[in-house]
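Analysis of the macromolecular model
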Amino acid sequence: MSTLLSGLTQISEIHADNIPPSQISIAGWLRTKRGSKKFSFLEINDGTCTKSLQVIVDANISNYSDIEKLTTGCSVKITGNLVLSPGKGQKYELQATAVSIYGFADPETYPLQKKEMTYEYLRDNAHMRVRTSTYSSVFRIRSRISFAIHQFFTQRGFCYVHTPLLTTADGEGAGESFKVTNFDLEKVPKTKEGKVDFTQDFFEEPTMLCVTGQLEGELLAMGLNRIYTFGPTFRAENSNTSRHLAEFWMVEPEFAFADLEDNMQLAQDMIRFVVADVLENCHDDLDVCIQKTQLDTREYLRLALEKPFIRVSYTEAIEILKSCGKNFEHPVYWGCDLKSEHERYLCEEHFKSPTIVFNYPEELKAFYMYLNDDGKTVRAMDVLMPGIGEVVGGSQREDRENILIERMKAKGINTEHMDFYVSLRRFGSVPHAGFGLGLERLIMWVTGMNNIRDVIPFPRTPGNCKY
Ligand code: 4AD
Ligand code: MG
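Just so you know, the residues in each chain are numbered from 1, in the order the chain's sequence is written. The order in which chains are written sets their letters, starting at A; the order in which ligands are written sets their numbers, starting at 1. At least 70 in pLDDT is required for a residue's local features to be given in this predicted model, at least 80 for side-chain atom pairs to be given and counted, and no such filter applies to totals for whole chains, interfaces and linings, which use all residues. No hydrogens and no water enter the side-chain calculation; it runs on all heavy atoms of the structure.

This paragraph deals with the overall build of the protein chain. Secondary structure elements are taken from DSSP: a helix is a run of H or I of four residues or more, a strand is a run of E of two residues or more, and numbering for both begins at the N terminus. Within the protein chain, the regular secondary structure consists of 13 helices and 16 strands. For the protein chain, the C-alpha atoms occupy an extent of roughly 85 × 60 × 45 Å along the three principal directions. For the protein chain, restricting intrachain contacts to residue pairs at least 6 apart in sequence, the fraction spanning at least 24 positions comes to 66%. By the counting rule applied here, Lys and Arg register as positive and Asp and Glu as negative, while His and the ends of each chain are not counted. Charged side chains are reduced to one point each, which is NZ for Lys, CZ for Arg, CG for Asp and CD for Glu. Across the protein chain, the 52 positively charged side chains and the 63 negatively charged ones have centroids separated by 6 Å. Throughout, a contact is declared for two residues whenever any of their heavy atoms are within 4.5 Å.

Encoded structure:
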């Protein structure tokens, strides 16, 4: 039996049949109330599970006049007898002996309404939306997925490391990082040549928020063997889409003595581990999502456990796209970047399965990916999910110093500045690989929510950094 220090029982424990009929106290927020002069029925939700607990308050209770004033959103503590409910629709009910009120919620201004509210409205009220059943379910699933990810990597002997958020290296070389400065922006110091004088800034050189923890992850894997990071990541790409955030969470494993094949296997195993865990442990929360989205996620989640993910090389994928007879908005040719419409066609219509595309053209991918013997492709992989597109991006890493330097130069990356990274290829270099999983995209796929802003409590997107 789990009770809080304050002696409160969690409603999830009651519905899990862990609490024998007895005298207990609960605390939570009022979802609905109906009643009469003689008694009131309160539906109390404490956020620990989808279900509320029905509370019956008899009019004999000393503060019944206060109970009559309760409206949706009020917070209360209730002590009473937990009994098997004679009524239909619930197994247990609480017969109140004492009710105390923490806080009223003015019904005139309470932002949540009984009627169906749009996602947009709720995003504008992100400080309150966690009180709705959909969002509380999504955020509980998010918590469970995070826990399952830690469990998966721990079981496989990966060491959880913390890579820095402040960095001087643009790890993806894509120039999409947020700048970090301590300058008074009204009086930015300039050099004689009129350029910003970063030597006077806090870190004495241009600094940014990390776009990945990979580079430091690689350094740590070269001693700890298998590591993973799991933290926030920042990208200033101006993509106002339903799949992009300026701040998102990424899981990045990196492992030594591994190649692309191992990497694909690890990504598939990790996703399936998470799926199995959610199917087993988030039953009610999944039901809430399914009811809200009208998408039977459970069906495709189960399918993902039954069949291995499809693996297709970029070159084969291009052939499929060229010969499928579909008119894509962006032209398809060997060397073209796979756009969302192409990715989705492959996994949603052609394969109807999670799909891993590997061996991309060298020009399309970051400098650190292993160059294949053909000299044209690198050992990259993207895991694509039906309904979402790319969820994982990763690669075997270039572990040969000369080739790495060549590729960095070709992409205009300052090799001196990144010598710490290059030097690993000089001091006991080994084949290694890793990937980045976008946590929010995985949550979208698992819950069926179709906007990334609805799976993170406080989304940051262009023009929006509220709360
Ligand atoms: O493919 P990306 O850019 O890969 C990397 O950053 C590598 N350094 C990872 C690694 O190998 N260690 O990003 C990885 C994943 C994408 O597949 C996507 O799921 C997610 O991160 N992602 C985003 N999610 C939300 N909003 C954005 N703006 C995202 N950009 C990438
Ligand atoms: Mg990518």
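Joining through side-chain atoms within 4.5 Å is the link that ties buried Ala, Val, Leu, Ile, Met, Phe, Trp, Tyr and Cys residues into a set, and such a set is a nonpolar core. Buried residues are those whose accessible area, probed at 1.4 Å on protein chains only, stays under 20% of the maximum for their type, while exposed residues exceed 50% and partly exposed ones sit between those limits. Core analysis: the largest hydrophobic core is formed by 85 residues, its most contacted members being Ile26, Ile78, Ile145, Phe153, Ile271 and Trp445. At 10 residues, the largest contribution of residues to this core is made by helix 6 (residues 260-281). Filtering out sequence-adjacent residues up to four positions away, Ile271 remains in contact with Phe309, Val383, Met385, Val392, Leu442 and Trp445. Core analysis: the second largest hydrophobic core is formed by 32 residues, Leu215, Leu404, Tyr421 and Val422 among them.

For helices, the axis comes from a line fit to the C-alpha atoms of the stretch in contact; other axes are also lines fit to C-alpha atoms, and the angle between any two N-to-C directions lies between 0 and 180 degrees. One can describe the packing of helix 7 (residues 283-293) onto helix 8 (residues 297-306) by two numbers: an axis separation of 10 Å at closest approach and a directional angle of 125°. Of the possible angle classes, the one that applies to helix 7 and helix 8 is oblique. Only Thr297, Arg298 and Leu301 of helix 8 make contact with helix 7, whose side of the interface consists of His283, Leu286, Asp287 and Ile290. Throughout, the ten residues Ala, Val, Leu, Ile, Met, Phe, Trp, Tyr, Cys and Pro are labelled nonpolar, Asp, Glu, Lys and Arg are labelled charged, and all others, Gly among them, are labelled polar. Partitioning the contact of helix 7 with helix 8 into residue classes produces three nonpolar, two polar and two charged. In what follows, roughly perpendicular refers to angles from 65 to 115 degrees, roughly parallel to angles under 35, roughly antiparallel to angles over 145, and oblique to any angle outside these ranges.

Pairs of cysteine sulfur atoms within 2.5 Å are identified as disulfides in what follows. By the definition in use, this model includes zero disulfides. We note that Cys347 lacks a disulfide partner, and the nearest cysteine sulfur, in Cys324, lies 13 Å from it. Under the relative-accessibility criterion, Cys347 is labelled buried at 0%.

The next subject is unusual backbone geometry. Look at Phe257: it is not a glycine, yet its phi comes out positive at around 60°. Position of Phe257 among the secondary structure elements: in the loop between strand 11 (247-256) and helix 6. On the basis of relative accessible area, Phe257 is assigned to the exposed category, the value being 58%. With a phi close to 70°, Tyr467 is a non-glycine residue in the positive phi region. By secondary structure assignment, the location of Tyr467 is in the segment after helix 13 (439-447).

What follows covers the site of ligand 1. Any residue with a heavy atom positioned within 4 Å of a molecule or strand is treated as near that molecule or strand. The local shell around ligand 1 holds 24 residues, among which Glu172, Gln214, Glu252, Glu390 and Val391 are the closest. In this structure, Gln214 approaches ligand 1 through a side-chain N or O atom, which is 2.6 Å from a nitrogen atom. Nitrogen and oxygen atoms within 3.5 Å of one another constitute a polar contact, given that in protein one can donate a hydrogen and the other can accept it, and given that sequence-neighbouring residues count only through two side-chain atoms. At 2.9 Å from a nitrogen atom of ligand 1 is found a main-chain nitrogen or oxygen belonging to Leu245. Every accessible area reported is derived by Shrake-Rupley at a probe size of 1.4 Å, with residue values counting cover from the shown protein chains alone. In the complex, 93% of the free accessible area of ligand 1, which totals 630 Å², lies under the protein chains.

A side-chain nitrogen of Lys or Arg and a carboxyl oxygen of Asp or Glu constitute a salt bridge if their distance falls within 4 Å. A complete count under the given rule lists 26 salt bridges for this structure. Among the salt bridges present, the one from Lys91 reaches Asp17, with a minimum N-O distance of 3.0 Å. Taken together, the residues Lys91 in the loop between strand 4 (75-84) and strand 5 (92-103) and Asp17 in the loop between helix 1 (11-15) and strand 1 (23-35) connect sequence positions 74 residues apart. For Lys91, a relative accessible area of 47% translates into the label partly exposed. Measuring nitrogen to oxygen at the nearest pair gives 2.9 Å for the salt bridge that ties Asp285 to Arg140. Of the two residues, Asp285 sits in helix 7 while Arg140 sits in helix 4 (residues 133-155), which places them 145 residues apart along the sequence. Residues participating in the shared-partner salt-bridge network are Glu218, Glu254, Arg397 and Arg425.

No statement about biological role is implied by the geometric values presented.
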